[in-house]
Amino acid sequence: MKTIVVCSGGLDSVSLAHKVAAEQQLIGLVSFDYGQRHRKELDFAAACAKRLGVPHEIIDITTIGKHLTGSALTDDIDVPDGHYAEDTMKATVVPNRNAIMLAIAFGLAAAQKADAVAVAVHGGDHFIYPDCRPGFIDAFQQMQNQALDGYASVSLYAPFVMTSKADIVTDGARHKTPFAETWSCYKGGERHCGRCGTCVERREAFHLAGVEDPTDYEDPDFWVTATSGFSAQEVK
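Presented here is an overview of the structure given in this document.

What counts as what
- Here the residue index of a chain counts from 1 through its sequence in written order.
- Given that this is a predicted model, residues contribute local features only at a pLDDT of at least 70 and side-chain atom pairs are listed and counted only at 80 or more, while totals for whole chains, interfaces and linings are drawn from all residues.
- Hydrogens and water molecules were not included; the side-chain quantities draw on all heavy atoms of the structure.
- A helix here means a DSSP run of H or I that spans at least four residues, while a strand means a run of E at least two residues long, and both kinds are numbered starting from the N terminus.
- Residue count minus one, scaled by 1.5 Å, sets the expected span of a helix.
- Three labels apply to residues, based on accessible area from a 1.4 Å probe with only protein chains included: buried if under 20% of the type maximum, exposed if over 50%, partly exposed otherwise in between.
- Each pair of strands is called paired provided DSSP finds at least two bridges between the two strands.
- Axis lines are fitted through C-alpha atoms, for helices just across the contact stretch, and the angle between N-to-C directions can take any value from 0 to 180 degrees.
- Here a residue-residue contact requires only that any non-hydrogen atoms of the pair lie within 4.5 Å.
- Working definition of a nonpolar core: buried Ala, Val, Leu, Ile, Met, Phe, Trp, Tyr and Cys residues. They are joined through side-chain atoms within 4.5 Å.
- Geometry of aromatic contacts follows a simple scheme: Phe, Tyr and Trp rings, the Trp one being its six-membered ring, pair when their centres are within 6.5 Å, and the pair is stacked under 30 degrees between planes, edge-to-face over 60, tilted otherwise.
- The criterion for a charge sitting over a ring is simple: Lys NZ or Arg CZ within 6 Å of the ring centre, and within 35 degrees of the ring normal.
- Less than a right angle of anticlockwise turn of the near helix away from the far helix marks a crossing as left-handed, whereas a clockwise turn marks it as right-handed.
- Just so you know the grouping, Ala, Val, Leu, Ile, Met, Phe, Trp, Tyr, Cys and Pro go in nonpolar, Asp, Glu, Lys and Arg go in charged, and all remaining residues, Gly too, go in polar.

## A few points about helix α1 (residues 11-23)
With 13 residues, α1 ought to run about 18 Å at 1.5 Å a step, and its terminal C-alpha atoms sit 18 Å apart, in line with that. By the burial criterion, the buried members of α1 are Leu11, Asp12, Ser13, Val14, Ser15, Leu16, Ala17, His18, Lys19 and Val20.

## Brief notes about the sheet that holds strand β2 (residues 25-33)
Read from one edge to the other, the open sheet built from five strands follows the order β3-β2-β1-β4-β5, with strand pairing classed as parallel. Of all strands in the sheet, those bounded by a partner on one side alone are β3 (56-60) and β5 (155-157). The sheet shows a mean angle of 25° between the axes of neighbouring strands, direction not considered. Examined bridge by bridge, strand β1 (residues 2-6) and strand β4 (residues 116-118) share three bridges and lie parallel to one another. When the bridges of β4 are listed, Ile4 appears paired with Val117. The strands that α1 touches are β1, β2, β4 and β5; relative to β1, the one it contacts most, it runs at about 170°. Most of the contacts of helix α4 (residues 97-111) go to β2, to which it runs at about 140°, and overall it touches β1, β2, β3, β4 and β5.

## Regarding the nonpolar core
Counting residues in hydrophobic clusters, the biggest one holds 38 residues, and the most contacted among them are Leu102, Val117 and Ile137. For this core, the secondary structure elements donating two or more residues are β1, β2, α4 and α5 (134-147). Top element by residues in this core is α4. It accounts for seven residues. Beyond its immediate stretch of four places on either side in the chain, Val117 contacts Thr3, Ile4, Val6, Leu102, Ala105, Phe106, Ala109, Val154, Ser155, Leu156 and Tyr157.

## What to know about the packing of aromatic side chains
Within this structure, the stated rule accounts for four aromatic pairs. Look at Phe44 and Trp183: their rings are 6.0 Å apart centre to centre, the planes differ by 25°, and that puts the pair in the stacked class. Here Phe44 is found in helix α2 (residues 40-52), whereas its partner Trp183 is found in the loop between α6 (165-174) and α7 (197-209), with 139 residues between them in sequence. Across this residue pair, the class does not change: Phe44 and Trp183 are buried. A ring pair is formed by Phe106 and Phe140, whose centres lie 5.4 Å apart and whose planes are at 70°; its orientation type is edge-to-face. Of the two residues, Phe106 sits in helix α4 while Phe140 sits in helix α5, which places them 34 residues apart along the sequence. There is no split in this pair, since Phe106 and Phe140 are both buried. Among the aromatic residues, those joined into a ring-pair cluster are Phe106, Phe136 and Phe140. Here the basic side chain of Arg195 rests over the ring of Phe222, its NZ or CZ set 4.0 Å away from the ring centre.

## Quick look at the packing of α6 against α7
Put simply, α6 and α7 touch, their axes get as near as 8 Å, and they point 65° apart. Viewed along their axes, α6 and α7 form a crossing whose handedness is right-handed. Within the contact between the two elements, α6 uses Lys165, Ala166, Val169 and Thr170 and α7 uses Glu201, Arg202, Ala205, Phe206, Leu208 and Ala209. Across the contact of α6 with α7, the residue classes tally to six nonpolar, one polar and three charged.

## A few points about α6
If you check which residues of α6 are buried, you get Lys165, Ala166, Ile168, Val169, Asp171 and Gly172. Contact partners of the buried residues in α6: α1 and α7. At the exit of α6 stands Lys176, carrying a positive phi of roughly 60°.

Take a look at the structure:
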């Protein structure tokens, strides 16, 4: 399939880009600037596209993002520390983000005569992000089938939606994903903080996968305490 990957520059989407490049026909990466508190991750998406030899588009939707208020990822709100399963992590929800981004990505795919749009949502996202769950993925595909009826046929490829982040690390290692060339931390400092939900999940995933974590964390051991009261099992 000729596939466009939605790539944030994080571990999951960069691993997906390498998977698609190995197994399908990767024709490009698309990233979104929605006014997130830092754009550092977009540099890693650009580096991924260059490494894989495909075009990279950054779509500016900041005029939309500035209205999606109330999230620690877009507003001047502290990013919470701890495990993804904690209620405090709901502060990182950007309402309808994936629906907006995927609708644009499907338009690009249809215009470019691509067969699929790939997205790296996974089981660990199910705790707090409703637009990362299997029900959303299935419903979005049905909606796009109607939206593009008679014009294009584009599939939503979400190979990780029922798997864990540890499985992504395993798959990424198999496809030689350079994990050090990915960015997960929501705080956007010089180094991964090691304390925010996505840093904790990242550190835990490498541990569960039995793969060496090349990431430089400010607090490399916090994840042990953060995960002690929670299971790595994803919510279906």
